[in-house]
Amino acid sequence: MKLSVIIVNYNVRYFLEQCIISVQKATRAIDAEIIIVDNNSTDDSCDMVKYSFPHITLIENKENVGFSTANNQGVAIAKGDYVCILNPDVVLTENTLKNLLNFSESKSNVGLVGCRLIDGSGLFLPESKRNFPKISISIQKFIGIGTKYYANQIEELDSKPVDVIPGALMFLRRSLYNELSGFDEDFFMYGEDIDFSFKAHKKGFNNYYFGSTSVIHYKGESTQRNAVYLKRFYGAMQIFYKKHFKYNRCFD
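Rules of the game
- Residues numbered from 1 in each chain as written.
- Predicted model: local features only at pLDDT ≥ 70, side-chain atom pairs only at ≥ 80, totals over all residues.
- Heavy atoms only, no water.
- Helix = DSSP H or I, 4+ residues; strand = E, 2+ residues; numbered from the N terminus.
- Buried < 20%, exposed > 50% of the residue type's maximum accessible area, 1.4 Å probe, protein only.
- Areas by Shrake-Rupley, 256 points an atom, 1.4 Å probe, with all protein chains shown as cover.
- Contact = heavy atoms within 4.5 Å.
- Pairing = 2+ DSSP bridges.
- Core = buried A, V, L, I, M, F, W, Y, C linked by side-chain atoms within 4.5 Å.
- Phe/Tyr/Trp six-rings, centres within 6.5 Å; stacked < 30°, edge-to-face > 60°.
- Lys, Arg positive; Asp, Glu negative; His and termini not counted.
- Salt bridge = Lys/Arg side-chain N within 4 Å of Asp/Glu carboxyl O.
- Polar contact = N/O pair within 3.5 Å; in protein donor to acceptor, adjacent residues only side chain to side chain.

(A) Seen up close, the overall build of the protein. Each helix and strand counted, the protein has eight helices and nine strands in total. Of all 252 residues assigned to the protein, the portion counted as buried reaches 51%. Carbon and sulfur atoms make up 49% of the accessible area of the protein, which totals about 12,200 Å².

Right, dumping it as structure tokens:
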């Protein structure tokens, strides 16, 4: 099998259905499978998958184990040479996966590959390509004067090496996923894509932004912006810095 598409779902039934349909269209010419990992949704997401897509593999967690752990569960049973980590609030074009596959196979020493993300209004999402959030860059970003958080040195439609590939859509060889020991499960949600990109970089692989293909990302539809969200988001950044950088009292 060539490709396994892993989708972690949590209470976004209607976005999930739209996402699955787009993946099915994008894999018509590819030997592929779709694996849904549901993190104990309280809507009818699982019933929808069982009824509308009975041939899709569905893992039903009895609790919300988080984004990292759920993706690791999906990849653990995947059969594809490549895996595509995909958010349920993403819609692919029919050529997305074919283009990413061809691009990945055309490059040597390729690590993670991402593509151009646009929102529901068609506007480019700058988080499609990011630099590693070193301390100076993060402080500038936090106080609103930074321009280096996003990889603005790469044009929107270019295809070039980049530091960070977003977890909304991440394409890579399954063997590399396993070589990097998957997502660090200390990250419940947020930060795991930065950490994973950094691990690939430290291993000597080149991550790539592929701007020649686009997908729609209905950004953050499965996330409530509340105190829990803030704790997880900034907690993820603390985990990343403690893991990869020296202690900095001022930044902490």
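(B) Looking closely at helix α3 (residues 67–76). Most of α3 sits inside the fold, with eight of its 10 residues counted as buried. For α3, every residue scored as buried is listed here: Phe67, Ser68, Thr69, Ala70, Asn71, Asn72, Gly74 and Val75. For α3, the elements touching its buried residues are β1 (3–9), β2 (32–38), β3 (57–60), β4 (82–86), α6 (174–179) and α7 (192–202).

(C) Here's a closer look at the pairing of strand β8 (residues 169–173). Most of β8 sits out of view: four of its five residues are buried. Pairing of β4 with β8, which is carried by five bridges, proceeds in the antiparallel orientation. Residue pairing across strands places Leu86 opposite Leu169, the latter belonging to β8.

(D) Layout of the environment of Lys148. Positionally, Lys148 belongs in the loop between α5 (135–143) and β7 (159–161). The exposure class assigned to Lys148 is exposed, which follows from its relative accessible area of 53%. In this structure the C-alpha to C-alpha distance between Lys148 and Asn131, which are 17 residues apart in sequence, comes to 6.8 Å.

(E) Just the nonpolar core, in detail. The biggest cluster of nonpolar side chains holds 35 residues, and the ones touching the most others in it are Ile7, Ile20, Leu86, Leu92, Leu97 and Phe171. Leaving out residues up to four positions away in the same chain, Leu86 has contacts with Val5, Ile6, Ile7, Val8, Cys19, Val23, Leu92, Ala168 and Leu169. Within the second largest apolar cluster, 26 residues are counted, among which are Ile6, Phe67, Leu172 and Ala200.

(F) Structural context of the packing of aromatic side chains. All chains considered together, the criterion is met by nine aromatic pairs. A ring pair is formed by Phe67 and Phe183, whose centres lie 5.8 Å apart and whose planes are at 50°; its orientation type is tilted. You can see Phe67 sitting in helix α3 and its partner Phe183 sitting in the loop between α6 and α7, a full 116 residues away along the chain. Plain terms: the ring middles of Tyr177 and Phe183 are 5.6 Å apart, the flat faces sit at 90° to each other, and that makes the pair edge-to-face. The exposure classification of Tyr177 matches that of Phe183, with both residues buried. Through a chain of ring-to-ring contacts, the aromatic side chains of Phe67, Tyr177, Phe183 and Phe196 assemble into a single cluster.

(G) Seen up close, the side chain of Lys129. With respect to the secondary-structure elements, Lys129 resides in the loop between β6 (110–118) and α5. No salt bridge is formed by the buried Lys129; its nearest oppositely charged neighbour, Glu156, is found at 7.2 Å. A polar contact of 2.8 Å, which involves the side chain of Lys129, links it to the backbone oxygen of Ile154. Here Lys129 is in contact with Phe124, Tyr150, Ala151, Asn152, Ile154, Glu155, Glu156, Val162, Val164 and Tyr209, once residues within four sequence places are set aside.

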